[in-house]
Each structure stands twice: as C-alpha cells, then as structure tokens.
Amino acid sequence: MLRPVGFQVVRPVDDFADYIPFERTQAAALAAGLPVGEYIDREFNVPGSTQDTIDRMAALGVFDRPIARVCELGPGSGRYLEKVIATCSPRSYEIYETAAPWRDWLVDTYHVTAQPTDGHTLAATADRSVDLVHSHKVLNGLKILDTCRYLDEIARVAAPGGAVVFDVLTERSLDEATLRRWLDSGAGYVTSMMSERFAVDFFARRGFAFLGDFFATSMPGKTHYLVFERQPTTGDRD
Ligand SMILES: C[S@@+](CC[C@H](N)C(=O)[O-])C[C@H]1O[C@@H](n2cnc3c(N)ncnc32)[C@H](O)[C@@H]1O
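Residues numbered from 1 in each chain as written. Predicted model: local features only at pLDDT ≥ 70, side-chain atom pairs only at ≥ 80, totals over all residues. Heavy atoms only, no water.

Chemist: Would you mind going over the overall build of the chain with me for this structure?
Modeler: A tally of regular secondary structure across the chain gives 8 helices and 7 strands. Here the chain has a C-alpha radius of gyration of 18 Å; the compact-globule value for 238 residues is 18 Å, and the two agree. Out of the 238 residues belonging to the chain, those deemed buried represent 46%. Intrachain contacts of the chain at a sequence separation of at least 6 include 71% that bridge at least 24 residues. Treating the 25 positive side-chain charges of the chain as one cloud and the 33 negative ones as another, the clouds have centres 3 Å apart. (Helix = DSSP H or I, 4+ residues; strand = E, 2+ residues; numbered from the N terminus. Rg over C-alpha atoms; globule rule 2.2 N^0.38 Å. Buried < 20%, exposed > 50% of the residue type's maximum accessible area, 1.4 Å probe, protein only. Contact = heavy atoms within 4.5 Å. Lys, Arg positive; Asp, Glu negative; His and termini not counted. Charge placed at Lys NZ, Arg CZ, Asp CG, Glu CD.)

As structure tokens, then:
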C-alpha cells in the first residue's frame, strides 16, 4: 500500500526480540545466585566457556600489547566485556549493541560508552584508533553482507599493532556431526557462514597478520574464532 507513494515499513534495528530478555535473565541469574555471565554460560552454553575463550585469546597474545582502547560489537550481557576489562584495564571501552536494555545496563554497570548502533557500521569510531576490536557470537547471526560491512569497519578502526578477535561459522565448524546437531536442534538464529580462507584473505588485504584461531562451544555446535593483528605501516607511529 505504501510502496507506490515511496514509503516502506521497516522493523527497527533496536529490536529487543533479537536477544535474551533482559529482566527475566537478570532475575533468573539472581535466583540462581550467579553473576549474569556465569548464568548464561550455564544455561545457554557450558560452564566456563567465556573464560575459556578469554584464555585462548590470551594464549594467542591478544593481551600482550598496550590496550588503552577497546571496541566490542554486540556485547549482550557483557560476559566477555567484564573479563576483558578485568584482564587489561582499558582507558576506554566502547560498545555497539542493538538491544537497548542490555546496552543501558552495561553503561551503568561498567561505565562503558554506548555508540549509536546502525547494525553494520562503527561510524562513531575513528580510523586506526582501537587497540582491541572484538565480537562474540554476533557476526554469524547477521546477513552475510552486513557481516562483511562490520568486518570492513573492524579493519578500519583497528590501530597499528592492535588486535582483532571475532568468531564466524566456517567449514571447519560445520563438520557432519556438528551440522547434524544444529539440524536436530531446530535452531534458526545462525544465519550465515564464511570460509576461513575468505576471512584470512580479507584481513591480509587490509594489512593484518593472522595470529591464529580456535574453536569455542556455541550450543549445540561450535564456532570458529579468528585472531588478527594490524601491521604497523610506514608513518603509523609518527
Ligand atoms: C547471540 S548474542 C551474543 C551476545 C554476547 N556477545 C555473548 O556472546 O554473550 C548477539 C548480540 O549481538 C547483538 N546484535 C545483534 N545484531 C547486532 C548488530 N547488527 N550490531 C550490533 N549488535 C547486534 C544482540 O543484541 C546480542 O547482544
């Protein structure tokens, strides 16, 4: 009806239905006597899985650099955010998050900066300004071109010597047994995959070295983490 006159009804990006409900999750964590991150690990993943990812990031040298500025895409409950802040005490921590109640709670609780979030850019963040850009279980829930838009933005904002960490579903996280578990689960929230080669080449073309990879549980399957470092180029440190 609206199209002929040039209008379209569009679902807002700030859509709470995309993530677990804030109040119910907070209440359930309280009732279980657990910090919200540990509760989410227990309920939706496996206990200790968040810390395991942080440990694997550390093993690849992610925290072996001065980290003054961090940017995280889609922090949700903040289960990684909390541990990253505890590990490297950054001077500033900015988030791009579409779920408003969680975003506001993270700002109040951890004093992070919530940037305006359009769903595919890091427009409020300057080029080459961030020492650690990271994202967990977000990119494989986006449409492939939005994932690529975010990857392009991640590459843009990473500082020389800065680290980039994110996970995607690759061919190596969709072996037959794992794919069978996804199919049997009826899950619908994982919507895209990317080949490992594509991701590594994408960052190589933008001047990043590949530091390594690891897998993490993402129930009922697993997700593939890739870790990069932006190479300093002539003039970057001047
Ligand atoms: C599956 S949850 C993962 C949350 C958190 N990273 C974790 O692993 O516990 C996906 C998160 O990304 C957020 N999100 C979804 N689409 C987004 C987008 N286009 N830009 C930024 N955040 C987004 C959701 O609100 C949610 O917090």
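That shown, we press on.
Chemist: Explain the side chain of Thr-125 to me, please; I cannot follow it from the model alone.
Modeler: The topology assignment puts Thr-125 in the loop between strand S3 (113–114) and strand S4 (130–135). Overall, the relative accessible area of 2% leaves Thr-125 in the buried class. At 2.7 Å, the side chain of Thr-125 and the side chain of Tyr-96 are in polar contact. (Polar contact = N/O pair within 3.5 Å; in protein donor to acceptor, adjacent residues only side chain to side chain.)

Chemist: Would you mind showing me how to read the site of the ligand here?
Modeler: Near the ligand, the surroundings consist of 17 residues, among which Gly-74, Arg-79, Glu-97, His-136 and Tyr-150 are the closest. One of the backbone nitrogen or oxygen atoms of Gly-119 is found 3.0 Å away from a nitrogen atom of the ligand. At 2.8 Å from a nitrogen atom of the ligand is found a main-chain nitrogen or oxygen belonging to His-136. Relative to its unbound accessible area of 590 Å², the ligand is 87% covered by the protein chains. Taken together, the residues of the shell around the ligand sort by class into 8 nonpolar, 6 polar and 3 charged. (Near = heavy atom within 4 Å. Areas by Shrake-Rupley, 256 points an atom, 1.4 Å probe, with all protein chains shown as cover. Nonpolar A, V, L, I, M, F, W, Y, C, P; charged D, E, K, R; others polar.)

Chemist: Is there a simple way to explain the environment of Gly-186 in this structure?
Modeler: By secondary structure assignment, the location of Gly-186 is in the loop between helix H7 (176–185) and helix H8 (196–205). When the C-alpha atoms of Gly-186 and His-136 are compared, they prove to be 21 Å apart, with 50 residues separating the residues in sequence.

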